[in-house]
Amino acid sequence: MAGRARVHRSASTWSQPLPAPASPERAELLRLLARELDAMGRERLRVAIDGRTAAGKTSFGHELAEAMAALGRPVLRASLDDFKRPWRERHLYDRESGEGYYRNAFDYDAVRRLLIDPMAGDGFCALCAIDPRTQVDHSADRTPAAANAVLIVDGVFAFRPELDGCWDLRIWLEVAAAESVGRGLARDGGDGTVLRDRYVVSEDIYIDEVDPIARADVVIDNTRFDRPQMLRGLGDA
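Predicted, not measured: the structure shown is a model, and the values here were computed from it.

## Notes on the sheet that holds strand β6 (residues 150-154)
Strands belonging to one sheet form pairs held by backbone hydrogen bonds; the direction of such a pair is parallel or antiparallel.
Turning to step 1, where the next piece is worked out: Read across the open sheet, the seven strands follow the order β1-β3-β6-β2-β7-β8-β9; overall the sheet is mixed. Only two strands of the sheet have a single neighbouring strand rather than two, namely β1 (7-8) and β9 (229-232).
Turning to step 2, where the next piece is worked out: Note: strand β3 (residues 75-79) against β6, five bridges, orientation parallel. What sits directly across from L76, in β6, is L151.
Turning to step 3, where the next piece is worked out: Sheet contacts for helix α1 (residues 24-38): β2 (45-51), β6, β7 (169-174), β8 (218-221) and β9; angle to β8, the most-contacted strand, approximately 175°.

## Topic: the packing of aromatic side chains
Turning to step 1, where the next piece is worked out: Tallied over the full model, the rule gives nine aromatic pairs.
Turning to step 2, where the next piece is worked out: Ring centres of Y102 and Y206 lie 6.0 Å apart, and the angle between their planes is 45°; this geometry places the pair in the tilted category. Here Y102 is found in helix α3 (residues 98-104), whereas its partner Y206 is found in helix α7 (residues 193-210), with 104 residues between them in sequence.
Turning to step 3, where the next piece is worked out: Taking 5.7 Å as the distance between ring centres and 85° as the angle between the ring planes, the aromatic pair formed by F106 and F157 counts as edge-to-face. One end of the pair, F106, is in the loop between α3 and α4 (108-116); the other, F157, is in the loop between β6 and α5 (161-164), and 51 residues separate them in sequence.
Turning to step 4, where the next piece is worked out: Here a set of aromatic residues connected by ring pairs shows up, and it is made of Y101, Y102, F106, Y108, F157, Y199 and Y206.

## Description of the pattern of salt bridges
Turning to step 1, where the next piece is worked out: Within the structure shown, the criterion is met by 23 salt bridges.
Turning to step 2, where the next piece is worked out: The shortest N-O distance in the salt bridge between E66 and R4 comes to 2.3 Å. Here R4 lies in the segment before β1 and E66 lies in helix α2 (residues 57-70), a separation of 62 residues in the sequence.
Turning to step 3, where the next piece is worked out: Salt-bridge contacts for R9 lead to E66; the nearest nitrogen and oxygen are separated by 2.6 Å. One end of the pair, R9, is in the loop between β1 and α1; the other, E66, is in helix α2, and 57 residues separate them in sequence.
Turning to step 4, where the next piece is worked out: A relative accessible area of 36% places R9 in the partly exposed class.
Turning to step 5, where the next piece is worked out: We classify E66 as partly exposed; its relative accessible area is 25%.
Turning to step 6, where the next piece is worked out: Taken together, the shared-partner salt bridges connect D164, R170, R215 and D217 into one network.

## Thoughts on α7
Turning to step 1, where the next piece is worked out: In this model, α7 (18 residues) spans 25 Å end to end at C-alpha, consistent with the 26 Å of a helix rising 1.5 Å per residue.
Turning to step 2, where the next piece is worked out: The largest bend in α7 amounts to roughly 25° and is located at V200.
Turning to step 3, where the next piece is worked out: For α7, the full list of buried residues reads L195, R198, Y199, V200, S202, E203, I205, Y206 and V210.
Turning to step 4, where the next piece is worked out: Each element contacted by the buried residues of α7 is listed here: β2, α3, α5, β7, α6 (177-188) and α8 (212-215).
Turning to step 5, where the next piece is worked out: In the stretch just after α7, D211 is the one whose phi turns positive, near 55°.

Thresholds applied
Residues numbered from 1 in each chain as written. Predicted model: local features only at pLDDT ≥ 70, side-chain atom pairs only at ≥ 80, totals over all residues. Heavy atoms only, no water. Pairing = 2+ DSSP bridges. Helix = DSSP H or I, 4+ residues; strand = E, 2+ residues; numbered from the N terminus. Contact = heavy atoms within 4.5 Å. Axes fitted to C-alpha atoms, helices over the stretch in contact; angles between N-to-C directions. Phe/Tyr/Trp six-rings, centres within 6.5 Å; stacked < 30°, edge-to-face > 60°. Salt bridge = Lys/Arg side-chain N within 4 Å of Asp/Glu carboxyl O. Buried < 20%, exposed > 50% of the residue type's maximum accessible area, 1.4 Å probe, protein only. Expected span 1.5 Å × (residues − 1). Bend = angle between axes of the 7 residues up to and from the residue.

So this is what it looks like as structure tokens:
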């Protein structure tokens, strides 16, 4: 068996730390998914992890990356949060309402050009475009992807038409809207105005227009972190 491979991470200061060690049930689900992903081919693969706010996308991406690295597959980790339009341009469009956030916050051309398309080309990917916190431009910082590397990207709206055809595997983490709000409040603090008026509204528009659950190859109920449930797997018709 190949030795443990490296996980390449974004330079973004918005990055979340690695989660605590997984429960036995969660670890087994991740091992199973990693083996199935590895069996999809030895060429470069592109994986998207989508779901509502605070569904656990980033943590799951970190965990899946570690499981793939344990199988000897180099991993590139990225988040769509690092490919938003810069705040200096916010006077040009609405980004603060729910509708505006969904339509305008993310730079999908940059996602394709800097992150996804290089996986099918020269392999030099930018794992961060604009740091959401510092607004530093990292788009010239490129990470080389090995011939068998796996790109794992987490973020809301990953299955929008601008990106949906780019992924080799689409994973949806399912949590109820109320659970999403509760987790978001616990994580971000505040009175929840931005969460409810921007993020929840934008996600409802996305779900109504795109039906991301139907597009997903894998659907996991992530309500309980210690006991995630596979609702749809790669072997399901």
